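Fold and contact review
The residues making up each chain are set out below.
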Amino acid sequence: MTTTTPARGRRRAPSRMERAAGRAAAFQKPRVILALLLLLALTSVMLLDGYLRSEIGNDARVRDGAAYDKVPSRILDGGPLLTFDRGTATTQSVPDRTIVLTFDDGPTATWTPQVLKVLEENDVDATFFMVGSMISRYPGVVKSLVKQGNEVGIHTFTHVDLSYQSAARLQRELKQTQLALAGAAGVTTTLFRAPYSSEIDAVDNYSWPVYQEIGDLGYTSVFVDTDSDDWKKPGVSKIVRWATPKKNEGAIVLMHDAGGDRSQTISALGTYIKKMKAKGYTFTTVSGAQAMLNGNRSGVARQSGSAGAGAGASASAGAGIGGTGAAQAAQHQAAGATLYEGKALVYAVAVAEWVVPALSWFLLVVGVAVMGRFGMMLVLARRHHRQRNRGRGKGGRGGGRFSWGPAVTRPVSVIVPAYNEKECIANTLRSLAKSTHPIEIVVVDDGSDDNTSEIAESLGMPNVRVVRQENAGKPAALNNGVRTARHDIVVMMDGDTVFEPDAVHQLVQPFADPEIGAVAGNAKVGNRTTLIGAWQHIEYVMGFNLDRRMYDLLRCMPTIPGAIGAFRRDAVLGVGGMSEDTLAEDTDITIALHRAGWRVVYQEHARAWTEAPGSLRQLWSQRYRWSYGTMQALWKHRKSLTDKGPSGRFGRVGMPLVVLFQIVTPVFAPLIDVFTGYSMIFVDFRAALLAWLAVLAVQLVCAAYAFRLDREKYRYLAMLPLQQLAYRQMMYLVLIHSCVTALTGGRLRWQKLKRTGEVGTPAGAGR
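What counts and what doesn't
Residues numbered from 1 in each chain as written. Predicted model: local features only at pLDDT ≥ 70, side-chain atom pairs only at ≥ 80, totals over all residues. Heavy atoms only, no water. Helix = DSSP H or I, 4+ residues; strand = E, 2+ residues; numbered from the N terminus. Buried < 20%, exposed > 50% of the residue type's maximum accessible area, 1.4 Å probe, protein only. Contact = heavy atoms within 4.5 Å. Areas by Shrake-Rupley, 256 points an atom, 1.4 Å probe, with all protein chains shown as cover. Axes fitted to C-alpha atoms, helices over the stretch in contact; angles between N-to-C directions. Parallel < 35°, antiparallel > 145°, perpendicular 65-115°, else oblique. Left-handed = near helix turned anticlockwise from the far one by under 90°. Nonpolar A, V, L, I, M, F, W, Y, C, P; charged D, E, K, R; others polar. Salt bridge = Lys/Arg side-chain N within 4 Å of Asp/Glu carboxyl O. Arc of directions from axis to C-beta. Phe/Tyr/Trp six-rings, centres within 6.5 Å; stacked < 30°, edge-to-face > 60°. Lys NZ or Arg CZ within 6 Å of the ring centre and 35° of its normal. Pairing = 2+ DSSP bridges. 1 Å grid on protein atoms, 1.4 Å probe; cavity = no way out; pocket = protein on both sides within 12 Å on 5 of 7 lines; lining within 4 Å. Points joined across faces, edges and corners; volume = space filled by probe spheres on them. Polar contact = N/O pair within 3.5 Å; in protein donor to acceptor, adjacent residues only side chain to side chain. Patch = residues over 30% accessible without salt bridge, like charges linked within 9 Å, V, L, I, M, F, W, Y side chains within 5 Å.

Details of the overall build of the chain
- Within the chain one finds 23 helices and 21 strands.
- In the chain, which comprises 767 residues, the share counted as buried stands at 55%.
- Taking contacts inside the chain between residues at least 6 apart in sequence as the whole, the part at least 24 apart equals 80%.
- Taken as a whole, the chain presents about 32,700 Å² of accessible surface, with 56% of it coming from carbon and sulfur.

Some words on the packing of helix H7 (residues 167-185) against helix H8 (residues 208-216)
- Interhelical geometry of H7 versus H8 gives an angle of 50 degrees and a closest axis separation of 12 Å. As judged from the angle between their axes, H7 and H8 are oblique. Crossing geometry of H7 relative to H8 is assigned as right-handed. Side by side, H7 and H8 meet where Ala-167, Leu-170, Gln-171 and Leu-174 of the first sit next to Val-210, Glu-213 and Ile-214 of the second.
- Per-class residue counts for the contact of H7 with H8 are five nonpolar, one polar and one charged.

Points about the pattern of salt bridges
- Evaluated as defined, the whole model comprises 24 salt bridges.
- For Asp-552, the salt bridge identified is with Arg-388, shortest N-O distance 2.8 Å. Within this pair, whereas Asp-552 is found in helix H17 (residues 531-554), its partner Arg-388 is found in helix H12 (residues 336-388), the two being separated by 164 residues in sequence.
- What you see here is one network of salt bridges that share partners, running through Lys-524, Arg-528, Arg-549, Glu-604, Asp-710 and Glu-712.

What about helix H6 (residues 139-147)?
- Along H6, the residues classified as buried are Val-141, Val-142, Leu-145 and Val-146. Axial view of H6: buried residues confined to an arc of 130 degrees, hence all on one face. Exposed residues on H6 whose side chains face more than 90 degrees from its buried face are Lys-143 and Lys-147.
- Gly-149, located one to two residues past H6, shows a positive phi value of around 110 degrees.

A few points about the packing of aromatic side chains
- Applying the stated criterion to the full structure yields six aromatic pairs.
- Geometrically, the ring pair formed by Phe-84 and Trp-208 is tilted, given 5.8 Å between the ring centres and 40 degrees between the ring planes. Taken together, the positions of Phe-84 in strand E2 (residues 81-85) and Trp-208 in helix H8 put the pair 124 residues apart, joining distant regions of the chain. Side by side, Phe-84 and Trp-208 carry an identical accessibility label, which is buried.
- With a centroid separation of 6.4 Å and an interplanar angle of 85 degrees, the aromatic rings of Tyr-272 and Phe-283 are classed as edge-to-face. With Tyr-272 in helix H10 (residues 263-278) and Phe-283 in strand E12 (residues 282-284), the pair connects residues that are eleven residues apart, well separated along the chain.
- You can call Phe-283 buried: its relative accessible area is 6%.
- For the cation-ring pair, Arg-63 lies above Tyr-206, with the distance from its terminal atom to the ring centre recorded as 3.8 Å.
- For the cation-ring pair, Arg-638 lies above Trp-635, with the distance from its terminal atom to the ring centre recorded as 4.1 Å.

A word on the pairing of strand E3 (residues 88-92)
- Alignment of E2 against E3, held across five bridges, turns out to be antiparallel. Bridge pairing in E3 links Asp-85 to Thr-88.
- Where E2 folds back onto E3 in an antiparallel hairpin, the turn is made up of two residues, including Arg-86, whose phi is positive at roughly 55 degrees.

Looking at unusual backbone geometry
- A cis amide bond links Gly-106 to the next residue, Pro-107, at an omega of 0 degrees.
- With respect to the helices, strands and loops of the structure, Pro-107 is situated in the loop between strand E4 (98-104) and helix H4 (111-121).
- Phi at Lys-233 is positive, roughly 55 degrees, even though this residue is not glycine.
- Looking at the secondary structure, you find Lys-233 in the loop between strand E10 (226-227) and helix H9 (236-243).
- Overall, Lys-233 belongs to the partly exposed group, its relative accessible area being 43%.

Notes on empty space enclosed by the protein
- Per the stated rule, a full pass over the model turns up one cavity of 30 Å³ or more.
- Estimates place the volume of the largest cavity at around 80 Å³.
- In terms of lining residues, the largest cavity is bounded by Lys-474, Leu-478, Met-492, Met-493, Ile-560, Pro-561, Gly-562, Gly-565, Phe-567, Met-578, Glu-585 and Asp-586.
- Breaking the lining of the largest cavity down by element, the ones donating at least two residues are helix H15 (474-484), strand E17 (489-493), strand E20 (564-568) and helix H19 (585-595).

A closer look at the side chain of Arg-193
- In this structure, Arg-193 sits in the loop between strand E8 (191-192) and H8.
- Accessibility expressed as a relative area gives 1% for Arg-193, which makes it buried.
- Not counting residues up to four positions away in its chain, the partners in contact with Arg-193 are Thr-102, Asp-104, Phe-129, Ile-154, His-155, Val-222, Phe-223, Val-224, Ile-252 and Leu-254.

Description of the packing of H7 against H12
- Packing of H7 against H12 leaves a shortest axis separation of 7 Å and a crossing angle of 85 degrees. The orientation of H7 with respect to H12, classified from their angle, is roughly perpendicular. Only Thr-338, Leu-339, Glu-341, Gly-342, Lys-343, Leu-345 and Val-346 of H12 make contact with H7, whose side of the interface consists of Lys-175, Gln-176, Leu-179, Ala-180, Ala-182, Gly-183 and Ala-184.
- Here the residues of the contact of H7 with H12 are counted per class, giving seven nonpolar, four polar and three charged.

Section: the side chain of Ser-228
- Secondary-structure assignment places Ser-228 in the loop between E10 and H9.
- Exposure remark for Ser-228: the relative accessible area of 0% places this residue in the buried category.
- A distance of 2.8 Å separates a polar side-chain atom of Ser-228 from the backbone oxygen of Leu-254.
- The residues touching Ser-228, leaving out its near neighbours within four places in the chain, are Ile-239, Trp-242, Ala-243, Leu-254 and Met-255.

Thoughts on a nonpolar patch on the surface
- Together, Trp-361, Leu-364 and Val-368 make up an exposed nonpolar region whose accessible area comes to about 370 Å².
- For Val-368, the position within the fold is in helix H12.
- For Val-368, a relative accessible area of 56% gives the class exposed.

Describing the pairing of E17
- For E17, the buried fraction is high: five of the five residues fall into the buried class.
- Neither face of E17 is exposed, since Ile-489, Val-491 and Met-493 on one face and Val-490 and Met-492 on the opposite face are all buried.
- Pairing geometry for strand E14 (residues 412-418) and E17, over three bridges, is parallel. Within E17, the residue paired with Val-414 across the bridge is Val-491.
- Pairing of E17 with E20, which is carried by five bridges, proceeds in the antiparallel orientation. In the sheet register, Met-493 faces E20, and the bridge partner there is Ile-564.

Brief notes about the environment of Ser-448
- Note that Ser-448 resides in the loop between strand E15 (439-446) and helix H14 (452-458).
- Residue Ser-448 is classed as buried on the basis of its relative accessible area, which comes to 17%.
- It is 8.8 Å that separates the C-alpha atoms of Ser-448 and Arg-468, two residues lying 20 residues apart in sequence.
- If we skip the residues at most four places from it in the chain, Ser-448 touches Ala-418, Tyr-419 and Asn-420.
- At a separation of 2.7 Å, a polar atom in the side chain of Ser-448 contacts the main-chain amide nitrogen of Asn-420.

What follows is the structure in structure tokens.
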């Protein structure tokens, strides 16, 4: 029998959904790009944070005991200030009774401010040789340090031994530190101290070329005369004693404001300053000492109570920046590209400093939630299986056999929406013809142009009615089928799905319970012999069916699959039918039924075989539609969160679970993989690999149990590791793409996937 829904004219005006789809089509590619750029940006933030913490590019090698025969003896016997003038090296020593306090490895938020406080209390300035990565992390400390009148110098960006590094790495270390200084305090400097350096007589054949290159760039290399060895934490008295120069000699003294607990340094600093002042010593900076050596003693040491008068001085005037003239002469005002690039670096680091720890904690919470979900799924799935299969396979009805109630034997209507299904429609209808339950079949041809309806009619099945309509989309086709259905129970399926003979009978048995308004069946992947099909088979068995068992017991089933589901006809009509408001009409109708007070259950024994997408492009299209449609449905029914009574159970339980585990967790899941890959490459390969294998083992256990419950063969689980590495990543990108589309307000129409018709009968599906 054939029924045709009359058209209202020769041409139908585009629907609201079709018009929106046309506008959205132009934005799909940019949204994919935006999703990838978002993931790239987060990855870049992680890499920046790792670089700052020396997890990336770290070189812990330190050279010791090398020969020094290529270093001029006058350099080895010279003073701690090394400069180059047109390639000629010159050294200078600090004047007698003069102390240049220097601090290495900072700044830090804990110890540097305490050092500054002691210096301020004692009216002393110092020179701080700072690590660029630390500058960019604590720009406020650097700004305060310079404003107070202290001097800054470069200690490289990542604290590496430059004698092992290439010329390009050396240039990068210097430039990045200068940018960090510019961004933090608006200054650059010509002072340099190499990591792991000490007295000048320790310069060797490997480090000498480095100092020559640095000198040619205009830097003054600063060594030490007296090392306090405060990093050894020897006690306050030893720090003071070791920092004291011999016989009233001048000295550049080394201390540290980073690198561990510096409480002994803080305690010793004030004592040391008072002791040396009592001996008649003057404290100044490196630039101040150089000015004294050049005959300029004006402004080289802070006068008690003086203010920083040179904060705005011009570099060309030689007065320095931010302090007391000659005492900061090595500092220059940053300007132009250097200033703006420096600020950009500091801002980027600030973002990384906030984002990475926040993500780490968030991903920890997500990881715990995911593991908890796995545990809950296993427990509830086992309970569901034992409950629904109690006494199954045993003779008689004794022993507490599970039953929905009196057997449902009355005829039902099966609605088959079809759009260009010529490859599959015959197999679909032939499978329904073998049904052990009395059915009528309503094929709704949604404007096909490939003879789908003619093929359906040519089969000559007496219980098949073909209803033709103009192309209006799947929801409209289903609604048309519901309206023309003759029975009170309607089964909905896809045009490419093949039912097992007892599928309809099993599917409608729960309707013996008058509280049940809809039933979800068990959709199986038929074309699982391909790689993509095998991956989807694992996903269907593990992800979908374990989830449905859990949601069934919690009474908050979020989705009845479009491939196999049954409804009370009155319940569907009571909520307004299948809505065109979303792309996931199956999720939309399921939530609507919950809110109307109906119960939705899962019937594992009602099995149907569907043809999964055969290419990555088709798979992306399908899952994009599902993901975006689910978000639309959840947003549409957001008020379910405040529904009261039994009808509000989905809002109280189901909505949070779906949002957390189907949207939030998968969106951030790529970052877990990025963190894992990052840890494997830059941190601890073995620990990261073991953690990844542990998570994989948990997933494998869950998948194996799901396969056991569905009586599937375990051989497909060999594909699980590869699925985690490739297939899952694609699903993540699809979900991110969907989120971007949702945020930008795009719409899509009912998309038709290319079918092959290879899924014939359950026996041929290849279990």
